[in-house]
Amino acid sequence: MSRAEAQDDRVGEPAVATPGGPDAARAPGPLWSLGLLRSELLTTFRRWRTLALLAVLAAVPILVGIAVKIETSDGSSLGGGGGGGGGGGAGPAFISQVSNNGLFLVFTALAATLPFFLPMAIGVVAGDAIAGESSAGTLRYLLVAPAGRSRLLLTKYATVIAFCLAATLVVAVSALAVGALLFPVGDLITISGTRITYAEGLGRALLIALVVAASLVGIAALGLFVSTLTGSGIAAMATTVGLLITVQILDQIPQLDALQPYFFSHYWLSFADVMREPVYWDDLVKNLGLQALYAAVFGSAAWARFTTKDITA
């Protein structure tokens, strides 16, 4: 076997660094890893698909704001009451206040996009992370030393997490701008009925956006795991979105109430508790803990699968 053929056979295998050997000398440093992450971020956020997803997310607050403005143009108010435990009534509780304070459009938009639009966008990006490279025939080239499989997988997941944050902030910023343009702003009333300043409301809006972004960590890890199981980006994206819809349906069936606290979407709307006075932390902590558990389980499963599979494309 020629040296070129032997090198070709090793493409796609995990890079093994031998202490003191040539691989150790070529081991990439932190700056190289940051360069890889930067390259992945630029590649992801320059794709037309990614930009289209962000545009759709930005349009949701605009549509909601216009609809509320039209509905309340005659001076009437929208119906809706306070939310139940765990943020279950987040949507009605927030939308009823939008006409009184535009900042509530941020909370309403996040409540409207979190059950489906945001996680669907995350599922598309995560599902395409590995499978998309495989279907495009570029995965083997990405795995040429000194990248390594573990480093590449971690970079892909970090990119998906960055998209989680970017997508959430796009919704929040769009809603903040539309709310300020269409409705009055100022001091606001919390779900508990207490008054807080607009500046404090902005701080809570930022905290809510961060909580929503963290709520998507679980579906991001699940999508990445699915992406390692197939060589088709479309199949991985469809499977991830299908699992999302299935879990959302199961979370609404009363007979499954014993299992529902373990579904990654069960505590998503608990972010509404940030708008209570004092903040109700119990469901928020449960949500963040559950997302960390899903990230650990499916992240480990993705690593175990990706580091042992044969890469042929």
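Everything that follows concerns the structure shown earlier in this document.
A brief structural summary. The structure presented is a predicted model; accordingly, all values stated were derived computationally and were not measured. Each chain has its residues counted from 1, running along the sequence as written. In keeping with the model being predicted, local features are shown solely for residues with a pLDDT of at least 70 and side-chain atom pairs are shown and tallied solely at 80 or more, while totals for entire chains, interfaces and linings include all residues. To obtain the side-chain values, all non-hydrogen atoms of the structure were used and water was disregarded.

Details of the side chain of Arg276
Test applied: Strands are runs of DSSP state E lasting at least two residues, helices are runs of H or I lasting at least four, and both sets are numbered from the N terminus onward. Here the term buried applies to any residue with accessible area under 20% of the maximum for its type, exposed to any over 50%, and partly exposed to those in between, with areas from a 1.4 Å probe on protein chains only. Here a polar contact is taken to be a pair of N or O atoms separated by no more than 3.5 Å, where protein atoms must pair a possible hydrogen donor with a possible acceptor and residues adjacent in sequence count only if both atoms sit in side chains.
Within the secondary structure, Arg276 sits in the loop between helix H12 (233–250) and helix H13 (282–306). For Arg276, a relative accessible area of 15% gives the class buried. Only 2.7 Å separates the side chain of Arg276 from the side chain of Asp273, close enough to count as a polar contact.

A look at empty space enclosed by the protein
Convention followed: For each structure, a 1 Å grid was placed over the protein atoms alone; sets of points admitting a 1.4 Å probe that cannot get out are labelled cavities, open sets with protein on both sides within 12 Å along at least five of seven lines are labelled pockets, and lining residues have an atom within 4 Å of a point. Grid points are joined across faces, edges and corners, and a volume is the space filled by probe spheres set on the points. Under this grouping Gly is polar, as are all residues other than the nonpolar Ala, Val, Leu, Ile, Met, Phe, Trp, Tyr, Cys and Pro and the charged Asp, Glu, Lys and Arg.
Evaluated as defined, the whole model comprises one cavity of 30 Å³ or more. Its boundaries defined by the atoms lining it, the largest cavity holds a volume of some 120 Å³. In this structure, the largest cavity is lined by Glu40, Thr44, Arg47, Arg49, Thr50, Val125, Asp128, Ala129, Glu133, Lys156, Thr159 and Val160. Only helix H3 (30–46), helix H4 (48–71), helix H7 (117–136) and helix H9 (149–182) provide two or more residues apiece to the lining of the largest cavity. A breakdown of the residues in the lining of the largest cavity according to their chemical character gives three nonpolar, three polar and six charged.

Looking at the packing of H7 against H12
Under the convention used in this document: For every element, the axis is a line fit to its C-alpha atoms; helices are fit only across the contacting stretch, and the angle between N-to-C directions ranges from 0 to 180 degrees. Any angle from 65 to 115 degrees is called roughly perpendicular, while one under 35 is roughly parallel, one over 145 is roughly antiparallel, and all others are oblique. Note on convention: the crossing is left-handed when the near helix lies turned anticlockwise from the far helix by less than a right angle, right-handed when the turn is clockwise. Here, residues are in contact when the closest pair of their heavy atoms is within 4.5 Å.
The contact between H7 and H12 brings their axes to 7 Å, and the two run at 150°. When the axes of H7 and H12 are compared, the pair comes out roughly antiparallel. When you trace H7 past H12, the crossing you get is right-handed. Contacts between H7 and H12 involve Pro119, Met120, Gly123, Val124, Gly127, Asp128, Ala131, Gly132 and Ser135 from the first element and Gly233, Ala236, Met237, Thr240, Val241 and Leu244 from the second. For the contact of H7 with H12, the residue count by class is eight nonpolar, six polar and one charged.

Describing helix H11 (residues 217–227)
By the criterion of burial, H11 is predominantly enclosed, with eleven of the eleven residues buried. Those residues of H11 that sit buried are Val217, Gly218, Ile219, Ala220, Ala221, Leu222, Gly223, Leu224, Phe225, Val226 and Ser227. In the core, the buried residues of H11 are packed alongside H7, H9, helix H10 (198–215), H12 and H13.

Let's talk about unusual backbone geometry
In this structure, the amide linkage connecting Glu277 to the following residue, Pro278, adopts the cis form with an omega of 0°. Within the secondary structure, Pro278 is located in the loop between H12 and H13.

Observations regarding the pattern of salt bridges
Formally: We count a salt bridge whenever a side-chain nitrogen from Lys or Arg sits within 4 Å of a carboxyl oxygen from Asp or Glu.
Per the counting criterion, the structure on display carries six salt bridges. Lys156 is paired through a salt bridge with Glu40; the nearest N and O atoms lie 3.0 Å apart. Taken together, the residues span a long stretch of sequence, with Lys156 in helix H9 and Glu40 in helix H3 at a distance of 116 residues. Here the two residues Lys156 and Glu40 agree in accessibility, since each one is buried.

Some points on a nonpolar patch on the surface
Using the following cut-off: Each patch is built from residues lacking any salt bridge and having more than 30% relative accessible area; the joining distance is 9 Å for like charges and 5 Å for nonpolar side chains (Val, Leu, Ile, Met, Phe, Trp, Tyr). Per-residue accessibility takes into account occlusion by the displayed protein chains alone, with areas from the Shrake-Rupley method and a 1.4 Å probe.
A surface patch of nonpolar side chains, amounting to about 470 Å² of accessible area, comprises Val56, Phe116, Phe117, Ile245, Ile249 and Ile253. Among the secondary structure elements, Val56 is positioned in helix H4. The class for Val56 is partly exposed, based on a relative accessible area of 45%.

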